Amino acid sequence: MGKLEQKVAVITGGGSGIGRAISVQFAKEGAKVHILDLNEEGGNAVVEEILALGGQAVFNRCNVTDQQEIIAIAQHIGKIDILVNNAGIAHVGNLENCKSEDFERIFNVNVKGAYNALYAIIPIMKAQGGGAILNLASIAAWVGITDRFAYSMSKGAIYAMSMSVARDYMAYGIRSNSISPARVHTPFVDGFIAKNYPGKEAEMFEKLSASQPIGRMAQPEEIAKLALFLCSDDAGFITGNDYPIDGGFIKLNN
Ligand SMILES: NC(=O)c1ccc[n+]([C@@H]2O[C@H](COP(=O)([O-])OP(=O)(O)OC[C@H]3O[C@@H](n4cnc5c(N)ncnc54)[C@H](O)[C@@H]3O)[C@@H](O)[C@H]2O)c1
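Quick caveat: nothing in here was measured; it's all calculated off a predicted structure.

### Description of a nonpolar patch on the surface
Part 1 of the argument: Taken together, Trp142, Val143 and Tyr159 make up a surface patch of nonpolar side chains, about 270 Å² in accessible area.
Part 2 of the argument: Within the fold, tyrosine 159 resides in helix α6 (residues 149-169).

### What to know about the sheet that holds strand β2 (residues 32-37)
Part 1 of the argument: Taken together, the seven strands give an open sheet; going across it, the order is β3-β2-β1-β4-β5-β6-β7, and neighbouring strands pair in parallel fashion. Of all strands in the sheet, those with a lone pairing partner are β3 (56-61) and β7 (241-245), marking the two edges. Adjacent strand axes in the sheet meet at a mean angle of 20° when their direction is disregarded.
Part 2 of the argument: Bridge count between strand β4 (residues 82-85) and strand β5 (residues 131-136): four bridges; the pairing is parallel.

### Section: the site of the ligand
Part 1 of the argument: Taken together, 29 residues form the shell around the ligand, and within it Ser16, Ile18, Asp37, Tyr151 and Thr186 come nearest.
Part 2 of the argument: Between the ligand and asparagine 63, the relevant distance is 2.9 Å, taken from a nitrogen atom to a side-chain nitrogen or oxygen of the residue.
Part 3 of the argument: Residue tyrosine 151 places a side-chain N or O atom 2.5 Å away from an oxygen atom belonging to the ligand.
Part 4 of the argument: For the ligand, whose accessible area on its own is 830 Å², the fraction buried by protein is 92%.
Part 5 of the argument: More than half of the atoms of the ligand fall within 2 Å of the grid points belonging to the largest pocket.
Part 6 of the argument: Secondary-structure elements contributing two or more residues to the shell around the ligand are α1 (17-28), α6 and α7 (187-196).
Part 7 of the argument: Among the elements that take part in the shell around the ligand, α7 stands out by supplying three residues, more than any other.
Part 8 of the argument: Partitioning the shell around the ligand into residue classes produces 16 nonpolar, ten polar and three charged.

### Some thoughts on unusual backbone geometry
Outside of glycine, negative phi angles account for most residues, and trans bonds account for most peptide bonds.
Part 1 of the argument: Non-glycine residue glutamine 6 carries a positive phi angle of around 70°.
Part 2 of the argument: Mapped onto the elements, glutamine 6 comes out in the segment before β1 (8-12).
Part 3 of the argument: Phi at aspartate 147 is positive, roughly 60°, even though this residue is not glycine.
Part 4 of the argument: Topologically, aspartate 147 is positioned in the loop between α5 (139-143) and α6.

### Here we look at the nonpolar core
Part 1 of the argument: Core analysis: the biggest nonpolar cluster contains 34 residues, and Ile22, Phe26, Val33, Ile82, Val84, Leu134 and Ile179 have the highest contact counts within it.
Part 2 of the argument: Looking at this core, the elements with two or more residues in it are β1, α1, β2, α2 (40-52), β3, β4, β5 and α9 (220-231).
Part 3 of the argument: Ranked by residue count, the leading element in this core is α9, at seven residues.
Part 4 of the argument: Contacts of valine 84, omitting those with residues within four sequence positions, involve Val10, Ile11, Thr12, Ile22, Phe26, Leu134, Leu136 and Cys231.
Part 5 of the argument: Counting 28 residues, the second largest nonpolar core, distinct from the first, contains Val8, Ala74, Leu118 and Ala120.

### Observations concerning the pairing of strand β6 (residues 174-181)
Part 1 of the argument: Most of β6 sits out of view: eight of its eight residues are buried.
Part 2 of the argument: In terms of strand pairing, β5 meets β6 through six bridges, oriented parallel. Bridging across to β6, alanine 132 finds its partner in arginine 175.
Part 3 of the argument: Sheet topology note: the β6/β7 ladder contains five bridges and is parallel. Among the inter-strand pairings, serine 180 is bridged to a residue of β7, identified as proline 244.

### Describing empty space enclosed by the protein
Part 1 of the argument: Counted by the stated rule, this structure contains one cavity of 30 Å³ or more.
Part 2 of the argument: Taken as a whole, the largest cavity holds about 70 Å³ of empty space.
Part 3 of the argument: Forming the boundary of the largest cavity are Thr12, Val64, Asn85, Asn86, Ala87, Val109, Asn110, Gly113, Ala114, Leu136, Lys155 and Ile158.
Part 4 of the argument: Ranked by the residues each element gives to the lining of the largest cavity, the list is headed by helix α4 (residues 100-128), at four residues.

### Re the packing of aromatic side chains
Part 1 of the argument: On inspection of all chains with the given rule, the structure shows four aromatic pairs.
Part 2 of the argument: Look at phenylalanine 103 and phenylalanine 107: their rings are 6.1 Å apart centre to centre, the planes differ by 10°, and that puts the pair in the stacked class. Here phenylalanine 103 and its partner phenylalanine 107 are both found in helix α4, four residues apart, which amounts to about one turn of the helix.
Part 3 of the argument: Residue classification places phenylalanine 107 among the partly exposed residues on the basis of a relative accessible area of 32%.
Part 4 of the argument: Geometrically, the ring pair formed by tyrosine 151 and phenylalanine 188 is tilted, given 6.1 Å between the ring centres and 50° between the ring planes. One end of the pair, tyrosine 151, is in helix α6; the other, phenylalanine 188, is in helix α7, and 37 residues separate them in sequence.
Part 5 of the argument: Sitting over the face of the ring of tyrosine 172, lysine 126 holds its NZ or CZ atom 4.6 Å from the ring centroid.

About the thresholds
Residues numbered from 1 in each chain as written. Predicted model: local features only at pLDDT ≥ 70, side-chain atom pairs only at ≥ 80, totals over all residues. Heavy atoms only, no water. Patch = residues over 30% accessible without salt bridge, like charges linked within 9 Å, V, L, I, M, F, W, Y side chains within 5 Å. Areas by Shrake-Rupley, 256 points an atom, 1.4 Å probe, with all protein chains shown as cover. Salt bridge = Lys/Arg side-chain N within 4 Å of Asp/Glu carboxyl O. Helix = DSSP H or I, 4+ residues; strand = E, 2+ residues; numbered from the N terminus. Pairing = 2+ DSSP bridges. Axes fitted to C-alpha atoms, helices over the stretch in contact; angles between N-to-C directions. Near = heavy atom within 4 Å. Polar contact = N/O pair within 3.5 Å; in protein donor to acceptor, adjacent residues only side chain to side chain. 1 Å grid on protein atoms, 1.4 Å probe; cavity = no way out; pocket = protein on both sides within 12 Å on 5 of 7 lines; lining within 4 Å. Sits in = over half its atoms within 2 Å of the grid points. Nonpolar A, V, L, I, M, F, W, Y, C, P; charged D, E, K, R; others polar. Core = buried A, V, L, I, M, F, W, Y, C linked by side-chain atoms within 4.5 Å. Buried < 20%, exposed > 50% of the residue type's maximum accessible area, 1.4 Å probe, protein only. Contact = heavy atoms within 4.5 Å. Points joined across faces, edges and corners; volume = space filled by probe spheres on them. Phe/Tyr/Trp six-rings, centres within 6.5 Å; stacked < 30°, edge-to-face > 60°. Lys NZ or Arg CZ within 6 Å of the ring centre and 35° of its normal.

The quantities given are spatial measurements derived from coordinates; they are silent on function.
Next up, the structure:
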């Protein structure tokens, strides 16, 4: 028996990186996985991968910034036991380099997108008598990474959103937690290195690897294993907390 048999999981941003690894891991444990992503090619590829493994998965094209779209998808799915708010985007720059439109773009996807999914899915979980929520925060929420003003701000909001939901919906059997990874080697990291440090990709990759005291980035599958534990019934006593998964970044740097 898998740890998520009979469970239905919604994973935003499941078409790439950490979301892909979580989708595959959850499906391997018996969950029916609904991937909500803007990226049709990536989302469909992950569905194919899961089906080839004998699992259950459905791709739903969705922009998490669109509340009506996400409500319609959630109602169509019907039963939802697990929500992983994973869709997210990056921005490099300090406060002075963060234009109003940058702030809004990051806020809309990273913060409002998670709120939209919760807004759509909490009533379903309430009616069912419970559920598990996992939100992707970041070490940026804890330490405010250099030159990541908007991104750090958005992840701090995720941390607080997760706690607020944990408190307000505990009585309905809903658990809510967040996780705070340090660098994870995904297309997200490769993409911003390529965009922001052209010609210096290898150097930046080494620098970002070394910023974890453990000396490397995480693999998405390592994040997926923590996500699986926190979303499974094994974590029934865990709510209202954030779990760094950071190769020592927060406490062992310096
Ligand atoms: N990679 C890291 O180092 C790292 C570290 C800490 C936290 N995180 C967080 O983990 C999450 C996943 O990161 P990743 O590295 O796997 O990223 P990724 O870019 O590989 O994947 C993100 C996915 O989200 C989707 N997405 C983006 N905007 C969307 C929208 N508006 N609506 C629907 N889907 C949308 C993308 O299409 C993509 O499939 C993000 O929230 C990120 O902030 C990543």
